[in-house]
Each structure stands twice: as C-alpha cells, then as structure tokens.
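What follows is each chain in one-letter form.
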Amino acid sequence: MPIYLDNAATTRPCEPAVSAVFHNMVEDYGNPSSLHKIGLTAEQNVTEARKAVAAALVCDPQCVTFTSGATECNNTAIFGAAKNYGKRKKKIVVSAIEHPSVAEPIKYLEEKEGFEVVRIKPSRDGEIDAEDFIEAVDENTCLASCMLVNNETGAIQPVRKIFSRIKRDFPECITHCDAVQGFMKMPIKSAEIFADVIVVSGHKVHAVKGVGAMYIRKGIRIAPLLLGGGQEKNLRSGTESVPLIAGFGAAIRALMPTVGVAHENAEKISAYLLKKLSKLDYVTVNSTAENSSPYIINFSVEGIRSEIMLHFLESRDIYVSSGSACAKGAHSSVLTAMGVSDKLADSAIRVSICRTTTMGEIDVLVTALQEGWQSLAKSK
C-alpha cells in the first residue's frame, strides 16, 4: 500500500463524500434553479451542504457562497473587495507567505491597477508578527489579507489579534482569511476570527476537487467575478455543481464530530516524526513555530535537492512534496520570506498528514529518508 503524506495538496475523498457525489450525479441530477420536483430536490441538497459548511464555521448559512474552489474564492474576495472598496482606498496589506491564489491577484492589483501593497514578512519560525501587520494598516487600506495556517510550514498566524484590531481601528477595511489548511483541522468560529471573508476548500478535507466555499459577513459587498443567471445570491453565477457541493457537505457532516480526536492524533504523529527527525544530524526542521498545525511539517535534508529526494521516496511508494503543489517545484517564496537559506530551501520536503496517518507509516518514511541520504549523498 502506498504511504500518502501529501495531504496539504489534496486528500483522499471519504466514502460519504463519494457516495453523495455519485447519488447526485445519477439520482438527484436536477438543476437547482428548476422549479419542478427534481430541481427542488437538487436545491435542497445544496441547502443542506450550505448548512454543513455554516455549522463548521459557526455562521449563518446565508453567509456561505459555493464556488469551484479556494482559488476562485480568493480571487473573488480580492478583486471584488478592490472593486467595491478600492476606489478611494488604494492600499493592501498582506502577509508575504500567502498561497499563490492570494499573492497573484494582489500582485496584479499592484502592477496593473496602481494599488500600494505592503507585504509583511514572518520571523524565522514562519509566524507573522501581529504588531507589524497592524501598524502597516492605515485609513487608506481597503484590504488586509492573512492566512490562518501556512500551507508549507503549518505555522498558525495570529489572525484573530490582527483582524480584531484592524476592525476596531479601521472598520471599513475588509479583512480576508484563507483558512484552507485550518478548516476541519482546528476550531474556526467566524465571529471570533474577525474576518469579513473566510475561504475554505473541499478537496483538502476529504471531499472532492472542484468545490470551495467562502463565508462573507453580512453587510460586506463583494463584486462578482462571474455574471450570468444570478446563482449564489448573484455572487457566483453559473449552475451549481450539485454533486460536488453535496459531497463537500457529506464530508463535513461525517468528519466534523471527530475533528478534536483527529487533531489529538495528528499531534501525536507530528511529535513522533519530529522526535525521529531530531536524531538525524543532516536534517533541519523548518517548521519551528510554537503555534503550528500538527498536520504540516517542513524540513530540509542537507545536500539533497528536494525533487531528487522526492523521487527517491516515490520509488519506495512514499509520497510527499517539496512545498505548495501549486508552485509545481518552483523555489519556495514562503521559505525565502522566512529567511531560510537557498541551500536549505532547495532541499525542503513537506510532509502533510491526515486523520488516518499512522506511526508505522512515519517509521517507514524516516527509514527511507535515511536510506535516501546515504545513497544520494554518496552518489554526489
């Protein structure tokens, strides 16, 4: 059996999600905008999924909008906020360690639309200093964006402290949080994060690819990217993908009751891996934030380029990554922002576990790392 340790890239869909997707493809296949019985059934299935997302985020279901995924959510939030709130206020404050689906839209606004962008770098442990972020926001800031959990290092960012102060001092500034790597792995209460927009994804939580959702606080106006039939409260036109949405809801309903237990297990697995890695003098752990997700651990194997070690592990049927899957092997902007040397960044490996990862799999991984270093280092 393969040992899959790349769950920050995507997860294996759970059976309830797969069943819901299949059922809504072959049974409840109606268009949720249709007024007949089959259409109304499809609409009800979307409604139930919306309630599931809302329950996980502790918010009103009417605040939840479905899209094709987190990339569309982030693009909609950023461009939509800039369009509605950036006419007079032309400044954006963002962490320097965001996912490309946040970093690239903001870069576009900077280069093409004349927005001033302030990027807040993290400390060496990967955590943003809340005061640095807060001090960068002023009356000219239309958008403040900071992720909840970094997708490469697992560092949990102080979004509650950052956003609560911003909303107190500059209530018109839109606060946006990419919570993809925290959703269904740690408690998220929308009101306690103080984010006007929270983004989550289906395929990171054992649903299927192609569906995401965003919480938008009541009263916040986000201009739509897609115009058409006015689905999803006119924010995301286009016929809803009922199978994918239903699968998302099914995954949440199935796994939500055990989020706490899964987190405790992840902490044990993570601690076990870190203890094993600490005994290897040619390994440097890059995930060093005291406040971090146990689901993601980033480390470097001295002298072995990431892709070489990755493929060595793959030959042993072990699957990890060299960083964000969306970077496709490019140099990590996150590790660079943290001040990690190019040498260590070029040899970085990301292990991301899930609720089914075992200590036995970690043993196999560490043994393979040892074999890989011995074999690859000698061949240099």
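All of these numbers come straight from a predicted model, not from anything done at the bench. (Residues numbered from 1 in each chain as written. Predicted model: local features only at pLDDT ≥ 70, side-chain atom pairs only at ≥ 80, totals over all residues. Heavy atoms only, no water.)

Take the nonpolar core next. Core analysis: the biggest nonpolar cluster contains 63 residues, and Leu57, Phe66, Phe133, Phe163, Phe183 and Phe248 have the highest contact counts within it. Top element by residues in this core is helix H2 (residues 37–57). It accounts for 8 residues. Setting aside residues no more than four positions away along its own chain, Leu57 makes contact with Phe183, Ile188, Lys189, Ser190, Ile198, Val200 and Tyr215. Core analysis: the next-biggest nonpolar cluster, separate from the first, contains 31 residues, Ala262, Leu273, Ile297 and Ile304 among them. (Core = buried A, V, L, I, M, F, W, Y, C linked by side-chain atoms within 4.5 Å. Buried < 20%, exposed > 50% of the residue type's maximum accessible area, 1.4 Å probe, protein only. Helix = DSSP H or I, 4+ residues; strand = E, 2+ residues; numbered from the N terminus. Contact = heavy atoms within 4.5 Å.)

So, on to the sheet that holds strand S12 (residues 348–352). The strands making up a sheet associate through backbone hydrogen bonding, with each pair oriented either parallel or antiparallel. The strand order across the open sheet built from 3 strands is S9-S10-S12, with neighbouring strands paired in antiparallel fashion. Only two strands of the sheet have a single neighbouring strand rather than two, namely strand S9 (283–285) and S12. Going from strand to strand, the sheet's axes swing by 30° on average, the running direction of each strand aside. As defined by bridge partners, S9 adjoins strand S10 (residues 296–301) across 3 bridges and the pair is classed as antiparallel. Among the inter-strand pairings, Val285 is bridged to a residue of S10, identified as Phe299. The strands touched by helix H9 (residues 259–278) within the sheet are S9, S10 and S12, with S10 carrying the most contacts at an inclination of about 10°. (Pairing = 2+ DSSP bridges. Axes fitted to C-alpha atoms, helices over the stretch in contact; angles between N-to-C directions.)

Where H2 meets helix H8 (residues 242–255), the closest approach of the two axes is 8 Å, and the angle between their N-to-C directions is 40°. Considered as vectors, H2 and H8 are oriented oblique to each other. The crossing of H2 and H8 is left-handed. Counting all contacts with H2, which are made through Ala42, Asn45, Val46, Glu48, Ala49, Ala52, Val53 and Ala56, the residues of H8 involved are Val242, Ile245, Ala246, Phe248, Gly249, Ile252 and Arg253. (Parallel < 35°, antiparallel > 145°, perpendicular 65-115°, else oblique. Left-handed = near helix turned anticlockwise from the far one by under 90°.)

Turning to helix H6 (residues 159–169), its buried residues are Val159, Ile162, Phe163, Ile166 and Lys167. Along the long axis of H6, the arc covered by the buried residues comes to 115°, so they all point the same way. Of the surrounding secondary structure, the elements contacted by the buried residues of H6 are helix H5 (130–136), strand S5 (141–145), strand S6 (174–178) and helix H7 (190–193). (Arc of directions from axis to C-beta.)

Turning our attention to a nonpolar patch on the surface. On the surface, Phe22, Met25 and Val26 cluster together into a nonpolar patch covering about 320 Å² of accessible area. Within the secondary structure layout, Val26 lies in helix H1 (residues 15–26). (Patch = residues over 30% accessible without salt bridge, like charges linked within 9 Å, V, L, I, M, F, W, Y side chains within 5 Å. Areas by Shrake-Rupley, 256 points an atom, 1.4 Å probe, with all protein chains shown as cover. Salt bridge = Lys/Arg side-chain N within 4 Å of Asp/Glu carboxyl O.)

What follows deals with the sheet that holds S6. In space, the 7 strands of this open sheet follow the order S2-S8-S7-S6-S5-S3-S4, with mixed pairing throughout. A single partner strand is all that each edge strand has here, and the edge strands are strand S2 (64–67) and strand S4 (116–120). Neighbour-to-neighbour, the strand axes of the sheet open up by a mean angle of 20°, direction not taken into account. This element, H6, spans S5 and S6 of the sheet and lies at about 165° to S6.

Moving on, we get to the packing of H1 against H8. Contact geometry for H1 and H8: axes closest at 7 Å, N-to-C directions at 150°. Here H8 runs roughly antiparallel to H1, going by the angle between their axes. Judged by the sense of rotation from one axis to the other, the crossing of H1 with H8 is right-handed. Touching Pro16, Ala17, Ala20, Val21, Asn24 and Met25 of H1 are Val242, Pro243, Ala246, Gly247, Ala250, Ala251 and Ala254, all from H8. Of the residues that constitute the contact of H1 with H8, the class distribution is 11 nonpolar, 2 polar and no charged. (Nonpolar A, V, L, I, M, F, W, Y, C, P; charged D, E, K, R; others polar.)

Taken as a whole and assessed by the stated rule, the structure comprises 17 salt bridges. Glu232 is paired through a salt bridge with Arg50; the nearest N and O atoms lie 2.9 Å apart. With Glu232 in the loop between strand S8 (212–216) and H8 and Arg50 in helix H2, this pair connects stretches of sequence that are 182 residues apart. Comparing Glu232 with Arg50, the two get one shared label, buried. A salt bridge links Arg168 to Asp169, with the nearest nitrogen and oxygen atoms 2.9 Å apart.

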